[in-house]
Amino acid sequence: MGASEEAITLKIIIIGMGVIFMLSLSVIVFFIIYQRRLLAQQKKHQKIESDYQKELLETAILSQEEERSRVAKELHDEVGAMLTTTKLYFGQITPSLPEIEFEEITNKLRAFLDDMIQSVRGISQDLRPVILEKLGLIEALQSLVQTINDTGGIQINFKDNTSRIVPKPKELNLYRIVQELINNTLKHAKAKNVDIEIKHENEALVLLYKDDGIGLDHKTLLNKKGLGLKNIESRLSVLSGTMNFLKPKKGMAIRIVC
Ligand SMILES: Nc1ncnc2c1ncn2[C@@H]1O[C@H](COP(=O)(O)OP(=O)(O)OP(=O)(O)O)[C@@H](O)[C@H]1O
Ligand SMILES: [Mg+2]
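In this text, all values refer to a predicted model and were calculated from it rather than measured experimentally.

Undergrad: Requested: an account of the coordination of the magnesium ion (ligand 2), with residues and values cited.
TA: Binding of the magnesium ion (ligand 2) to the protein goes through E180 (OE) and N184 (OD1), at separations of 2.1 Å. Residue E180 and its partner N184 are located together in helix α5 (residues 168-189), separated by four residues, close to a single helical turn. Given the relative accessible area of 19%, E180 is considered buried.

Undergrad: Can you tell me about α5, naming the residues and giving the values?
TA: The terminal C-alpha atoms of α5 lie 31 Å apart, and with 22 residues this matches the ideal 32 Å at 1.5 Å per residue to within 8%. Residue K190 follows α5 closely and has a positive phi angle near 55°.

Undergrad: Any chance you could break down the nonpolar core for me, citing the residues and the numbers?
TA: Counting 37 residues, the largest nonpolar core has L181, I196, L207 and I256 as its most contacted members. Secondary-structure elements contributing two or more residues to this core are α4 (137-150), β1 (155-161), α5, β2 (193-201), β3 (204-211), α7 (227-238), β4 (242-245) and β5 (252-257). Among all residues touching I196, those that are not within four sequence positions of it are V145, I156, N157, F158, K159, V178, I182, L207, L208 and Y209. Judged by nonpolar contacts, the second largest core, of five residues, contains V71, V79, M116 and I123.

Undergrad: Account for the UniProt feature "domain: Histidine kinase" (unreviewed entry) in the chain, naming residues and giving values.
TA: Sequence positions flagged by UniProt for "domain: Histidine kinase" (unreviewed entry) are, in local numbering, residues 70-258. From the first C-alpha to the last, residues 70-258 spans 29 Å; its make-up is 60% helix and 18% strand.

Undergrad: Mind laying out α4, listing which residues take part and the relevant values?
TA: Counted at 1.5 Å a residue, the expected span for α4 with its 14 residues is 20 Å, and the 20 Å between its end C-alpha atoms agrees. Inspection of α4 places L137, I138, A140, L141, L144, V145, I148 and N149 among the buried residues, and these make up the whole buried set. Phi for G152, located one or two positions after α4, is positive at around 80°.

Undergrad: Mind laying out the side chain of N173, listing which residues take part and the relevant values?
TA: By secondary structure assignment, the location of N173 is in helix α5. At 2.8 Å, the side chain of N173 forms a polar contact with the side chain of R235. Those residues within four positions of N173 in sequence are excluded, and the remaining contacts are R235 and L239.

Undergrad: I'd like a description of the environment of F102, backed by residues and values.
TA: Examined against the element boundaries, F102 turns out to sit in helix α2 (residues 99-127). On a C-alpha basis, the gap between F102 and Q92 in space is 8.7 Å, while along the polypeptide they are 10 residues apart.

Undergrad: Requested: an account of the sheet that holds β2, with residues and values cited.
TA: Read across the open sheet, the five strands follow the order β1-β2-β3-β5-β4; overall the sheet is mixed. The two strands at the open ends of the sheet, each matched to only one other strand, are β1 and β4. For this sheet, the mean inter-axis angle between neighbouring strands, taken without regard to orientation, is 10°. By the bridge criterion, six bridges tie β3 to β5 in an arrangement that is antiparallel. Within β5, the position partnered with L208 by the bridge is R255. α5 contacts β1, β2, β3 and β5 of the sheet and is inclined by roughly 10° relative to β3. Helix-sheet contacts for α7 involve β4 and β5, and the interaxial angle to β4 is about 140°.

What counts and what doesn't
- Residues numbered from 1 in each chain as written.
- Chains lettered and ligands numbered in written order.
- Predicted model: local features only at pLDDT ≥ 70, side-chain atom pairs only at ≥ 80, totals over all residues.
- Heavy atoms only, no water.
- Donors = N, O, S within 2.8 Å, 3.2 Å for Na, K, Ca; no water.
- Helix = DSSP H or I, 4+ residues; strand = E, 2+ residues; numbered from the N terminus.
- Buried < 20%, exposed > 50% of the residue type's maximum accessible area, 1.4 Å probe, protein only.
- Expected span 1.5 Å × (residues − 1).
- Core = buried A, V, L, I, M, F, W, Y, C linked by side-chain atoms within 4.5 Å.
- Contact = heavy atoms within 4.5 Å.
- UniProt positions renumbered as here; feature names shortened; annotations may be inferred.
- Polar contact = N/O pair within 3.5 Å; in protein donor to acceptor, adjacent residues only side chain to side chain.
- Pairing = 2+ DSSP bridges.
- Axes fitted to C-alpha atoms, helices over the stretch in contact; angles between N-to-C directions.

What follows is the structure, encoded as structure tokens:
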């Protein structure tokens, strides 16, 4: 090999090494940039997730507060007012009171106490419906549906295809969810019919709810979520459940799994 050939080979080797070095460098730089982007994306997702969880928690706290102030208001306005009146009646009972008046007052007192019992029953029933406690979710839903069908304004069809008992913690949450969905249909949908089905799919409980009203597009859903839908989300997050709005030809349809 002549001296000039050696020089050429050396040049080729140097250039080759240079190319390999540049390639390795760009792979390393690319890798670092890619890792950073990935990390930034992960952080963004984590932030979205934690913001969402915070929002759910805030909704849960807000509705708890609303529930408390409602109960406080009812206790104050109804039971409190009745107790004050009862005390006034008791003040009228003196040893010298003629028997006829005594009887009149005790009759009024008895009626008042009956009203008070009704009131307290109503308040506690609202907190956890008695029928749910006594008969379980399916019969409680059947009774809820019956009450609304009896009004004649709308026809709700309820299908129970559950194959097992629904665990207690799910019962109240699902009952409240169906109550809100029906409420929304009555308030917003202008619907004539509602179909509700509840069934087991493997381990999960599935609730399908559909009305034939005006429906709601997905943009509305993103911007117009009120307390009702947020409450549903918050109840489902407690149950590790999900809700998906389906796209029916007419009306609104939702599938809830928990
Ligand atoms: N079945 C339905 N058909 C048509 N639109 C609906 C239906 N359900 C909900 N919507 C729309 O979605 C919006 C959000 O519902 P959401 O229950 O969160 O709030 P709301 O019913 O307006 O108020 P609230 O806090 O009292 O429940 C409603 O304002 C309504 O526009
Ligand atoms: Mg609502």
